[in-house]
Amino acid sequence: MKAKGRLNAICPYFTMFPLEFPLGVLRDAEPGQLVVDPFCGRGTTNYAARTLALPSIGVDSSPVAVALSQAKLANSTPHRIVAAARRILRDVPEPSEIPNSEFWRWAFYGDVLQVLCRLREGLLANCGSDSRRALRAILLGALHGPRRKSRPSHFSNQSQRTYAPKPRYAVGYWKKHSLAPEPVDVLEIVRERAERYYSDETPASGKVIHGDSRKNVFARAAGGRKAAWIITSPPYYGLRTYLPDQWLRRWFLGGPSVVEYSAEGQILHSSPEAFASDLRQVWRNVGKISAPGARLVVRFGGINDRKADPLSIIQMSLEGSGFEIQTITPAGSASSGQRQALHFSRTNGEAREEHDIWAVSTG
Ligand SMILES: C[S@@+](CC[C@H](N)C(=O)[O-])C[C@H]1O[C@@H](n2cnc3c(N)ncnc32)[C@H](O)[C@@H]1O
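These remarks concern the structure in this document. Note that the coordinates shown come from a computational prediction; the quantities given were computed from them, not determined experimentally.

## Concerning the site of the ligand
Surveying the vicinity of the ligand reveals 25 residues, the closest of which are Tyr13, Arg42, Thr44, Asp60 and Asp212. Between the ligand and the protein, one listed contact pairs an oxygen atom with a side-chain N or O atom of Thr44 at 2.6 Å. For the ligand, the accessible surface in isolation is 610 Å², of which the surrounding protein chains cover 100%. When the residues that make up the shell around the ligand are grouped by side-chain class, the tally is ten nonpolar, eleven polar and four charged.

## Some remarks on the packing of aromatic side chains
Summed over all chains, the structure comprises twelve aromatic pairs. Pairing Tyr169 with Tyr173 gives two aromatic rings, centres 6.4 Å apart and planes at 25°, and the pair type is stacked. One end of the pair is Tyr169 and the other is Tyr173, both in helix H8 (residues 167–176) and four residues apart, which spans about a single turn. Of the residues examined, Tyr169 reaches a relative accessible area of 63% and is grouped as exposed. Residue Tyr173 is classed as partly exposed on the basis of its relative accessible area of 32%. Measuring from ring centre to ring centre gives 6.1 Å for Trp251 and Phe252, while their planes differ by 65°; the resulting arrangement is edge-to-face. Comparing Trp251 with Phe252, the two get one shared label, buried. Here the aromatic residues Phe103, Trp104, Phe108, Trp174, Trp247, Trp251 and Phe252 are joined through ring pairs into a cluster of three or more. Just above the ring of Phe21 sits the side chain of Arg299; from NZ or CZ to the centre is 4.1 Å.

## Section: the environment of Ala65
Note that Ala65 resides in helix H3 (residues 63–72). Overall, the relative accessible area of 0% leaves Ala65 in the buried class. Taking the C-alpha atoms as reference, Ala65 lies 7.7 Å from Tyr13; in sequence the two are 52 residues apart.

## Focus: the environment of Thr329
Positionally, Thr329 belongs in strand E6 (residues 323–333). For Thr329, a relative accessible area of 34% translates into the label partly exposed. Sequence-wise, Thr329 and Arg299 are 30 residues apart; in three dimensions their C-alpha atoms are separated by 9.6 Å. Not counting the four nearest positions on each side in its chain, Thr329 is found in contact with Glu354, His355 and Asp356.

Calculation notes
Residues numbered from 1 in each chain as written. Predicted model: local features only at pLDDT ≥ 70, side-chain atom pairs only at ≥ 80, totals over all residues. Heavy atoms only, no water. Near = heavy atom within 4 Å. Polar contact = N/O pair within 3.5 Å; in protein donor to acceptor, adjacent residues only side chain to side chain. Areas by Shrake-Rupley, 256 points an atom, 1.4 Å probe, with all protein chains shown as cover. Nonpolar A, V, L, I, M, F, W, Y, C, P; charged D, E, K, R; others polar. Phe/Tyr/Trp six-rings, centres within 6.5 Å; stacked < 30°, edge-to-face > 60°. Helix = DSSP H or I, 4+ residues; strand = E, 2+ residues; numbered from the N terminus. Buried < 20%, exposed > 50% of the residue type's maximum accessible area, 1.4 Å probe, protein only. Lys NZ or Arg CZ within 6 Å of the ring centre and 35° of its normal. Contact = heavy atoms within 4.5 Å.

Encoded structure:
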């Protein structure tokens with residue numbers, strides 16, 4: 001079945017792999033087989049499983065990743081999503097707080113920020129339905145991005161879509177270019193996006209959990225089922241900025257209204273050995289809920305400005321993990337196409353060659 005693929009683009013996430021990767025792996029999947037991604041990011045693996053009508057589990061320690069992946073498994077309709085937004089706006093006529101530093105005054109038109117704060121509050125109080133989860137991801141996807149002359153598609157002043165603007169730089173840029181924030185119709189943007197992403201989706205089944213994959217978080221989600229496929233891409237060694245680069249979306253999910261330099265719940269980057277040892281723990285945990293012969297397929301790369309070789313890190317991590325490597329194939333360079341490290345160009349190092357590692361559970 002060919003993926004429609006629209007919902008996968010609900011919100012960018014800066015180290016996502018292309019949908020074709022998990023879809024290609026799952027070509028040989030049989031009906032009903034369980035798919036797991038222990039570093040699910042924006043839920044590309046979960047979405048691939050959905051398009052093939054397979055159940056899936058995703059785990060990530062970043063709240064932004066979890067919100068996006070949950071939306072990939074949400075069963076809703078454009079009508080229900082817009083109704084959920086209207087309901088919140090009725091229930092929360094005034095937000096209890098609106099951030100008011102110079103950054104916020106330049107980033108959003110006053111009335112737009114007020115509506116966003118009301119929606120934020122309503123969703124923080126209750127995000128228990130699939131329609132609310134879909135709405136939350138739509139709002140995250142529209143929160144910041146480029147301005148368009150006709151039919152605005154984002155709420156913010158001119159920004160990148162993938163990374164949150166860094167306040168000092170962004171304010172300087174907006175002032176220099178005389179870019180004042182513009183009034184946009186939040187509900188209309190929600191409606192358009194809901195139509196685009198939720199008009200025609202395959203029903204989903206599965207669960208996405210906010211947790212640390214180094215801990216035993218899988219049994220609860222699997223509920224006794226065994227995984228046949230584990231498809232994932234761990235964080236790139238040396239890349240530590242997942243959380244601060246998403247600070248504005250984290251704010252929408254209840255975080256502070258200032259950039260927070262945290263690495264909570266993230267795999268250790270202190271040395272290649274520590275990183276490999278953390279990864280090994282994750283493979284062992286996934287192994288506990290895997291069927292004998294289950295396939296583990298990992299796409300992995302690294303940044304060139306670190307001394308460590310990504311391939312030897314991943315090989316080290318699989319030693320004694322309960323998975324045996326079968327093949328290693330180059331997946332192309334991260335800078336040459338639709339690869340997960342595409343956005344590394346803003347770092348000093350060019351992305352290295354990525355590899356796909358296929359392993360099988362020996363358990
Ligand atoms: C390379 S990204 C995955 C991207 C994903 N393949 C996609 O297409 O969106 C790696 C993810 O691992 C998550 N992560 C890092 N340490 C983790 C941990 N200890 N437990 C769970 N997730 C973790 C990060 O938050 C990040 O979302």
